[in-house]
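Notes for the structure review
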Amino acid sequence: MRFLSVNADCFLIELASLEETLALYNKLHTMQLNGIKDLVPAAKTILVFFNEIETTFKTLVASIQTVKIGSGVERNVQELIIPICYTGEDLAQVAELQGLSIADVILKHRQSVWNVAFIGFAPGFAYMSSPDRPFTDIPRLAVPRKKIPSGSLGLAGQYSGIYPKDSPGGWQLIGTTAEKMWDLERKNPALLLPGMTVHFEDVTHQPTTVSVAQQVTRTVEPKQSMPLFTVTAPSLQMLIQDEGRFNQTKIGVGVAGAMDVSAMHSANRIVGNPTPTPVIEVLNGGLKAKMHQSAVIAVTGAISNIHVKFSDGQKTDFESYQAIALDEGDEFQIQAPTAGLRNYLAIRGGIDVQPVLNSASFDSLAILGPEPLKMGDTVYQGQVEVSNISVTEVAKLNLPKIGDVVELDIVMGPRTDWFEAESIERLCQQAWLVTNESNRVGLRLSGEQPLKRKITHELESEGTCIGALQIPPSGQPVLFMNDHPLTGGYPVIAAVAKHHWDLVAQIPAGCQIKFKKMTEFTDFENE
């Protein structure tokens, strides 16, 4: 085992094989070591998240080093049969790459036993491996497709995978299934879970009834709460967010949540809500709304004025980070920020919202949670108990403006040693422009001199954390944020330290980032 640094509250365990990885993953689940919060298994790694108050990196490493992995992997007793129509558009190409006929590829695939190893890439996307090893490594497409239909069966490396929804992807497609891999209407939304055994049934030549996909009609219960306000002018993005979605990695779902958590907490404290109460995250100001009843609101995060037009015609501007009392008929608008990027709007008593997988957050990558607000939408009053109103909340000093240089602390690892020494130095020496291609998934950065790898072979998928600096073939970093995929296939050279995540949320495009090395790359092996 190798133990590689990732961030202050997580590290990566690297093993020799998928079998060892799954065996250790099962052992760690059974042992329940003090302080471990979550485990993200992948091809040959386990990303370990821990509570920094309860334990330390060194303590956990010392405990894990004593674990005897063994060779046996306890599997889930559940077996599934998935019908496949083997008509994928890459079937002939796969056959040619393997030196087989199309019929032999189908035969080998369906006769093999497939085990769900881990979930990654997207909610419900299961990486299935076979102890039969029916194929040599199958390369991904040189140019990924922009859209692969849900239900498509693909091959990559030694894995089979079925796309749970329409999405981009680079796997070689060999078939399709009508089975739903992801369905929030089910008790367990993911059909496939780690440890399950899967058998594929060839239904290519069986008669099928072609029918138009039915729209699922959901019964929408009428709101029991009172309408609070209606959006009359939109922001670029208006998302309901809370602290995030925890302990859902087993089904491929990340945390999401408010990007500037401290600003979200401040907004709730100002109006007297418990700090985890859902708020509205507003990108670059603009949200305008008309009140249907009296309420107290607060706007935090980016520095913005809140323009209020009272029902009697009077107008005034309020600064952010204060309670604002409004009555029926009043209108308010969050002005474009003078510093920072994201505002957080809290309402005393909260908002009435239906949680999805124990969170009210919208995940823009997984498309999970309450839908983004749009013009004409009405927000309803929540029933949160109010207490402990804070009058001491203040805005952060020196939030970034377009053109500013922002310094961020980084922790080196887990794949620092994949890069040339000059590139490791260049990461912190040169400034990186935050491009317009940045969002809640990640900030795309651009530097004059790209980073170069010394290890060039493909990296098998492994878990990533918020703040990870993933380096694609272009050599230009992508700084992962709250809605990033659980696993990634490009090496991560370093990660932004946790204490600067809120700051990253407030960096507009057009700023430059300078990285400052806070912790060196840690790499040691179990001897």
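From a predicted model like this one, the values you see are computed outputs, not experimental measurements. (Residues numbered from 1 in each chain as written. Predicted model: local features only at pLDDT ≥ 70, side-chain atom pairs only at ≥ 80, totals over all residues. Heavy atoms only, no water.)

Turning our eyes to something else, we now look at the overall build of the protein. Each helix and strand counted, the protein has seven helices and 34 strands in total. Relative to the globule expectation of 24 Å for 527 residues, the C-alpha radius of gyration of the protein, 25 Å, shows essentially globular dimensions. The principal-axis extent of the C-alpha atoms belonging to the protein is close to 80 × 60 × 45 Å. Out of the 527 residues belonging to the protein, those deemed buried represent 54%. Of the roughly 24,200 Å² of accessible surface on the protein, 51% is carried by carbon and sulfur atoms. The averaged location of the 57 negative side-chain charges in the protein is 1 Å from the averaged location of its 43 positive side-chain charges. (Helix = DSSP H or I, 4+ residues; strand = E, 2+ residues; numbered from the N terminus. Rg over C-alpha atoms; globule rule 2.2 N^0.38 Å. Buried < 20%, exposed > 50% of the residue type's maximum accessible area, 1.4 Å probe, protein only. Areas by Shrake-Rupley, 256 points an atom, 1.4 Å probe, with all protein chains shown as cover. Lys, Arg positive; Asp, Glu negative; His and termini not counted. Charge placed at Lys NZ, Arg CZ, Asp CG, Glu CD.)

So, about the sheet that holds strand β2 (residues 10–14). The antiparallel open sheet is built from five strands, whose spatial order is β3-β4-β2-β1-β34. Edge strands, defined here as strands with exactly one partner in the open sheet, are β3 (36–41) and β34 (523–525). Looking at each pair of strands side by side, their axes are set apart by 25° on average, direction ignored. Sheet strands touched by helix α2 (residues 57–65): β1 (2–7), β2, β3, β4 (45–50) and β34. Its angle to β2, the strand with the most contacts, is close to 25°. (Pairing = 2+ DSSP bridges. Axes fitted to C-alpha atoms, helices over the stretch in contact; angles between N-to-C directions. Contact = heavy atoms within 4.5 Å.)

Taken as a whole and assessed by the stated rule, the structure comprises 14 aromatic pairs. Aromatic pair Phe125 and Tyr127: ring centres 5.3 Å apart, planes at 70°, arrangement edge-to-face. Each member of the pair, Phe125 together with Tyr127, is buried. Between Tyr127 and Trp171, the ring centres sit 5.4 Å apart and the planes meet at 75°, which makes this aromatic pair edge-to-face. Taken as a pair, Tyr127 in strand β7 (residues 126–129) and Trp171 in the loop between β11 (167–169) and β12 (172–176) lie far apart in primary sequence, 44 residues in all. Residue class for Tyr127 comes out buried when judged on its relative accessible area of 4%. Through pairs of rings, three or more aromatic residues link up here, namely Phe118, Phe121, Phe125, Tyr127, Tyr159, Tyr163 and Trp171. (Phe/Tyr/Trp six-rings, centres within 6.5 Å; stacked < 30°, edge-to-face > 60°.)

What follows deals with the sheet that holds strand β29 (residues 468–470). Note on sheets: strands pair through backbone hydrogen bonds, and any given pair is parallel or antiparallel. The mixed closed barrel is built from seven strands, whose spatial order is β25-β32-β29-β30-β27-β26-β33. With strand direction ignored, the average angle separating the axes of adjacent strands in the sheet is 40°. Sheet analysis places strand β25 (residues 405–412) next to strand β33 (residues 512–519), joined by seven bridges and oriented parallel. Looking at β33, one finds that Val405 is bridged to Gln512. Sitting on the sheet, helix α6 (residues 421–429) touches β25, β26 (432–434), β29, β32 (492–496) and β33, and the angle it makes with β33 is about 120°.

Glancing now at the environment of Ala122. Note on placement: Ala122 falls in the loop between β6 (114–119) and β7. Once the C-alpha coordinates of Ala122 and Asn188 are considered, the two residues, 66 residues apart in sequence, prove to be 15 Å apart. Beyond its immediate chain neighbours, meaning those up to four positions away, Ala122 contacts Pro164 and Gly252.

This part covers the pattern of salt bridges. Throughout the structure, instances matching the rule amount to 22 salt bridges. The closest approach of N and O atoms between Glu458 and Arg140, which form a salt bridge, is 2.7 Å. Taken together, the positions of Glu458 in the loop between β27 (442–446) and β28 (462–463) and Arg140 in the loop between β7 and β8 (145–148) put the pair 318 residues apart, joining distant regions of the chain. Linking Lys147 and Asp166 is a salt bridge whose minimum nitrogen-to-oxygen distance equals 3.6 Å. Of this pair, Lys147 sits in strand β8 while Asp166 sits in the loop between β10 (159–162) and β11, placing them 19 residues apart in sequence. Judged by relative accessible area, Lys147 falls into the exposed class, the value being 57%. A relative accessible area of 42% means that Asp166 is categorised as partly exposed. (Salt bridge = Lys/Arg side-chain N within 4 Å of Asp/Glu carboxyl O.)

Moving on, we get to the environment of Ile367. Within the secondary structure layout, Ile367 lies in the loop between β23 (339–347) and β24 (378–380). With 79 residues separating them in the primary sequence, Ile367 and Ser446 have C-alpha atoms 27 Å apart. Filtering out sequence-adjacent residues up to four positions away, Ile367 remains in contact with Lys165 and Phe362.

Time to look at the nonpolar core. Among the nonpolar cores identified, the biggest contains 43 residues, and Leu427, Ile493 and Phe515 are the most heavily contacted of them. At five residues, the largest contribution of residues to this core is made by helix α5 (residues 261–271). When residues no more than four places from it in sequence are discounted, the contact partners of Ile493 are Met412, Gly413, Arg415, Thr416, Phe419, Ile424, Leu427, Leu451, Leu469 and Ile471. (Core = buried A, V, L, I, M, F, W, Y, C linked by side-chain atoms within 4.5 Å.)

Below, the discussion takes up the state of the cysteines. Summed over all chains, the structure comprises zero disulfides. In this structure Cys10 is a free cysteine whose sulfur lies 4.3 Å from that of Cys465, the closest cysteine sulfur available. (Disulfide = S-S within 2.5 Å.)

With that settled, consider helix α4 (residues 102–111). For α4, the complete set of buried residues consists of Val105, Ile106 and His109. The buried residues of α4 occupy an angular sector of 95° when the element is viewed end-on, so they sit on one face. Away from the buried face of α4 by more than 90 degrees, exposed residues Ala103 and Gln111 are located. Contact partners of the buried residues in α4: α3 (91–98), β6, β9 (152–156), β10, β12 and β13 (197–202). (Arc of directions from axis to C-beta.)

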